[in-house]
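Notes for the structure review
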Amino acid sequence: MTMKKVAILTHDIGGGAFTSLGTALSRGFQELGINCEFVVLKATQAEKEQYPDINIVTLNTQRTAFSLLPTVRYLKQSKPDVIFPMPWYFNITAIWARYLSGIDSQIIIGEHNIISLETGIEHQDKLHLQSLPMLMRYTYPYGDGLIAVSQDTIADLVETIKVPPRIPMRVIFNPIDLDRVQQLAKKPTDHPWFLDSETPTIVTVARLAKQKQLDVLLRAFARVVKIQPARLLILGEGPLRSQLENLCYELQIEDCVAMPGYDRNPYRYMSACDVFVLASAWEGCPIALQEAMACGAAVVVNDAPGGSKDLIEYGKHGMMVAAGDSEALATGILQILSNSSLKQHYQNQARKRARDFQYLKIAQQYLDFSTTGLVRQEVLCR
């Protein structure tokens, strides 16, 4: 297959995981000589100006639910050779839009989470999302291939969601821009805790939501400070803020926990922290963890469903502890805080592992899968 133009389809470019993912992939494709359009629902001029090297196309619609016809119009006009939609609802939209537009673009589905847990736990109160697993089951087989960010993600689709594995599927990690992350990591921190090197600081970057299991982290941190002084900085925003603040007061740790909200440059805190922790109940392939490793942070993660354990190769590049166990998490944190050699070891291993996530390498893997991988599958099926 000769590929000249690709498109990435997602919701916005206002920040967050899919902005990071989409911009990194776009740069990678362009540097590899492929024309790439980053297609989003809507983007302000100010948002576009933040990414002058990215070809951003807007569908001029506010919600995913209204994006089908604008996507059809885009496909008829632009005719990309391959479209990479992400996440799940854009996968479904892209497949239907291709059918309605009558064009022959390949659709390479992008799956980035453990869907059964996402719908069953995180979004169980959102009735309009409960039909998505069924839609995926009957729509995904009409894609041309599927890229998932962890083997657990594929297993969940096939074994739990019951998506028929009729299309090629491959695990490819999320890409990150190592140079950009490491440059931003050098910016000064404006938080007073990082001016005091005597008291260690633990950092996490996560939405304040069920999936991130921050209550377990707070309970683990409460155990840590009973043994040695420490501070915990939680960067992120979400619906559980008031519950987590109340838990801090209940555990009597409110003076050593800060939740300043979303920060556009968390990397300066990742590079300066003593330990970076991700205590999620499940993950797809957490970009925050990849970026923390690129910053040279010693990381501690849960042995939970998803890609966290894959990123650290089950303890080779970071510490892995039992999932959902605040005592085990506290023990892991304390081991790093009390052992400078161990901390240095994990910092070095994290930097080394982060090279595997460089966006140019990942973009090439996407292209390889979209050409040789699918062609090979066609030959085998004849």
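Now for a quick tour of the structure. Just so it is clear, the model here is predicted, and its values are computed rather than measured. (Residues numbered from 1 in each chain as written. Predicted model: local features only at pLDDT ≥ 70, side-chain atom pairs only at ≥ 80, totals over all residues. Heavy atoms only, no water.)

A few words now on the overall build of the chain. A count of helical and extended segments in the chain gives 16 helices and 13 strands. Since a compact globule built from 382 residues should have a radius of gyration of about 21 Å, the 21 Å found for the chain is in line with a globular shape. By its C-alpha atoms, the chain is 65 × 40 × 40 Å across when sized along the principal axes. Across the 382 residues that make up the chain, the buried fraction comes to 58%. Taking as baseline every contact in the chain between residues at least 6 positions apart, the subset at least 24 positions apart corresponds to 71%. Of the accessible surface of the chain, which amounts to about 16600 Å², a share of 49% is contributed by carbon and sulfur atoms. (Helix = DSSP H or I, 4+ residues; strand = E, 2+ residues; numbered from the N terminus. Rg over C-alpha atoms; globule rule 2.2 N^0.38 Å. Buried < 20%, exposed > 50% of the residue type's maximum accessible area, 1.4 Å probe, protein only. Contact = heavy atoms within 4.5 Å. Areas by Shrake-Rupley, 256 points an atom, 1.4 Å probe, with all protein chains shown as cover.)

Here we take up the side chain of Thr61. Following the sequence through the fold, Thr61 ends up in the loop between strand E3 (56-58) and helix H3 (68-78). For Thr61, a relative accessible area of 10% gives the class buried. Residue contacts for Thr61: discarding those within four places in its chain leaves Leu41, Lys42, Phe66, Ser67 and Pro70.

Bringing helix H6 (residues 132-139) into the picture now. Every buried residue of H6 is accounted for by Leu132, Pro133, Met136 and Thr139. Relative to the axis of H6, the buried residues are bounded by an arc of 140° and lie together on one face. (Arc of directions from axis to C-beta.)

Next up on the list: the packing of aromatic side chains. Inspection of every chain in the model, using the stated rule, returns eight aromatic pairs. Between Phe84 and Tyr366, the ring centres sit 5.3 Å apart and the planes meet at 65°, which makes this aromatic pair edge-to-face. Linking Phe84 in strand E4 (residues 82-85) with Tyr366 in helix H16 (residues 359-381), this pair joins segments that are 282 residues apart in sequence. For the residue pair Phe84 and Tyr366, the accessibility class agrees, reading buried in each case. Three or more aromatic residues joined by ring pairs form one cluster here, namely Phe29, Phe84 and Tyr366. (Phe/Tyr/Trp six-rings, centres within 6.5 Å; stacked < 30°, edge-to-face > 60°.)

For the rest of this paragraph, the subject is the packing of helix H9 (residues 214-227) against helix H14 (residues 326-338). Helix packing for two helices is described by the angle between their axes and how far apart those axes are. Their axes nearest at 8 Å, the elements H9 and H14 cross at an angle of 50°. Comparing their axes, H14 and H9 come out oblique. Note on packing geometry: the crossing formed by H9 with H14 is right-handed. Together, Val216, Leu217, Arg219, Ala220, Arg223, Val224 and Ile227 of H9 and Ser326, Glu327, Leu329, Ala330, Ile333, Leu334 and Leu337 of H14 make up the contact between the two elements. (Axes fitted to C-alpha atoms, helices over the stretch in contact; angles between N-to-C directions. Parallel < 35°, antiparallel > 145°, perpendicular 65-115°, else oblique. Left-handed = near helix turned anticlockwise from the far one by under 90°.)

With four of five residues buried, strand E12 (residues 299-303) is to be regarded as a mostly interior element. Direction of pairing for strand E11 (residues 275-278) relative to E12: parallel, over a ladder of three bridges. When the bridges of E12 are listed, Phe276 appears paired with Val299. For the handedness criterion, the β-α-β arrangement of E11, helix H12 (residues 287-294) and E12 is classed as right-handed. Pairing of E12 with strand E13 (residues 319-322), which is carried by four bridges, proceeds in the parallel orientation. Paired with Val300 across the two strands is Met319, which belongs to E13. (Pairing = 2+ DSSP bridges. Right-handed = clockwise from strand over helix to strand, strands pointing away.)

Pairing is parallel in the open sheet, where six strands are placed in the order E10-E9-E8-E11-E12-E13. In the strand order of this sheet, the two ends are held by strand E10 (257-261) and E13, each with one partner. Shown here is a sheet whose adjacent strand axes are inclined to one another by a mean of 25°, direction ignored. Across the sheet, H9 lies against strand E8 (201-205), strand E9 (231-235), E10 and E11, angled at about 165° from E9, the strand it touches most.

We now examine the pattern of salt bridges. Counted according to the given criterion, the structure contains 10 salt bridges. A salt bridge links Lys309 to Asp152; the nearest nitrogen and oxygen atoms lie 2.6 Å apart. In this pair, Lys309 sits in helix H13 (residues 308-311) while Asp152 sits in helix H7 (residues 151-160), placing the two residues 157 residues apart along the sequence. Each member of the salt-bridge network shares a partner with another, and the members are Glu237, Arg241 and Glu245. (Salt bridge = Lys/Arg side-chain N within 4 Å of Asp/Glu carboxyl O.)

Before going further, it helps to examine helix H10 (residues 241-251). For an α-helix the count is 3.6 residues per turn, leaving residues at separations of three or four pointing the same way. Of the residues making up H10, those classed as buried are Arg241, Leu244, Leu247 and Cys248. Looking down the long axis of H10, one finds its buried residues gathered within 125° of arc, a one-sided arrangement. Away from its buried face by more than 90 degrees, H10 exposes Gln243, Asn246, Tyr249 and Glu250. Among the structural elements, H9 and E10 are those in contact with the buried residues of H10. Immediately downstream of H10, the backbone of Gln252 shows phi near 60°, a positive value.

Bear in mind that shape data such as this cannot, by itself, settle questions of function.
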